[in-house]
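# Analysis of the macromolecular model
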Amino acid sequence: MREAEVSRGTAETNLSVRLNLDGTGRHSNQTGVGFFDHMLDQLARHALIDLEIRAAGDLHVDDHHTVEDVGIALGRALAEALGDKRGIRRYGSCHLAMDEALVRAALDLSGRAFLVWKVDFPTEKIGSFDTQLVREFFTAFATNARMTLNVAKLDGENSHHIAEAAFKAVAQALRAAVEPDPRSTGIPSTKGTLSE
């Protein structure tokens, strides 16, 4: 079973992440940040990953530590669940349209952490949620999952639509990348490893 559970506790947050890569998209995410929970639900549903997150953070300061630390723990859980990545497709990409927004996401479960982020938002907030935190989440997620992730906004005027399209596009790309490849039994790299 490609499952993992990761806990993280600091002076700023206390959280746990449980995921199953071979799930059906079931989700139960409670971080105390409503919009972020909605985005995590989208990530699980569209990647077909079962995901349960519980987080208690210093929300009286702001949402930053909670969002970033969830990204860290989720990335670590993904890396753990993938193991040596034997038999996976490794790569995934998606152009995702949501109303007027269009976002492209492409990723490589390469073992090398890198984020290219070309997404801007027309507003600083989505409700009370700081739009800068979308990038913070994906930075932490990509770094700790040790993936190369490229996300670009190709069109869009509504910040909610842009953020949601980004999460859904990454989810679809991730779904493709973690999928078992029926034609491959080994590690999909000429180096023989995807861990470094």
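Higher on the page you've got the structure.
Below: a short report on this structure. For every chain, the first residue of the written sequence is number 1, and numbering continues from 1 along that sequence. Per-residue local features are limited, in this predicted model, to residues with pLDDT of at least 70; the limit for side-chain atom pairs, both in listing and counting, is 80 or more; totals at the level of whole chains, interfaces and linings are taken over all residues. To get the side-chain values, take all heavy atoms of the structure and skip hydrogens and water.

Here the focus is the pairing of strand β5 (residues 91-98). Three labels apply to residues, based on accessible area from a 1.4 Å probe with only protein chains included: buried if under 20% of the type maximum, exposed if over 50%, partly exposed otherwise in between. Numbered from the N terminus, helices here are DSSP runs of H or I no shorter than four residues, and strands are runs of E no shorter than two. Residue alternation in β5 divides its side chains into a buried set, G92, C94, L96 and M98, and an unburied set, Y91, S93, H95 and A97. A pair of strands counts as paired when DSSP detects no fewer than two bridges linking them. Relative to strand β6 (residues 101-108), β5 runs antiparallel, the two sharing eight bridges. Bridge pairing in β6 places H95 opposite R104. What sits between β5 and β6 in their antiparallel hairpin is a turn of two residues, with D99 showing a positive phi close to 50°.

This brings us to the sheet that holds strand β10 (residues 148-155). Strand order in the open sheet made by the four strands is β5-β6-β10-β7, with mixed pairing throughout. The open sheet has two free edges, formed respectively by β5 and β7 (114-118), since each of these has just one partner strand. In this sheet, neighbouring strand axes are inclined to one another by 10° on average, regardless of whether the strands run parallel or antiparallel. By the bridge criterion, five bridges tie β7 to β10 in an arrangement that is parallel. Directly across from F114, in β10, lies its bridge partner T148. Any two residues whose heavy atoms approach within 4.5 Å are treated as being in contact. Interaxial angles span 0 to 180 degrees and are taken between N-to-C directions of axes, which are lines fitted to C-alpha atoms, for helices over the stretch in contact. Lying on the sheet, helix α3 (residues 132-145) is in contact with β7 and β10; it crosses β7 at an angle near 160°. Across the sheet, helix α4 (residues 159-178) lies against β5, β6 and β10, angled at about 150° from β5, the strand it touches most.

Bringing helix α1 (residues 34-47) into the picture now. By this rule, a helix spans an expected 1.5 Å times one less than how many residues it contains. Helix length check: α1, at 14 residues, gives a terminal C-alpha distance of 20 Å against a target of 20 Å (1.5 Å per residue), a fit within 8%. Here α1 lies mainly inside the structure; ten of its 14 residues are buried. Along α1, the positions that sit buried rather than exposed are F35, F36, D37, M39, L40, D41, Q42, L43, A44 and A47. Once α1 ends, the next one or two residues include L48, with phi positive near 55°.

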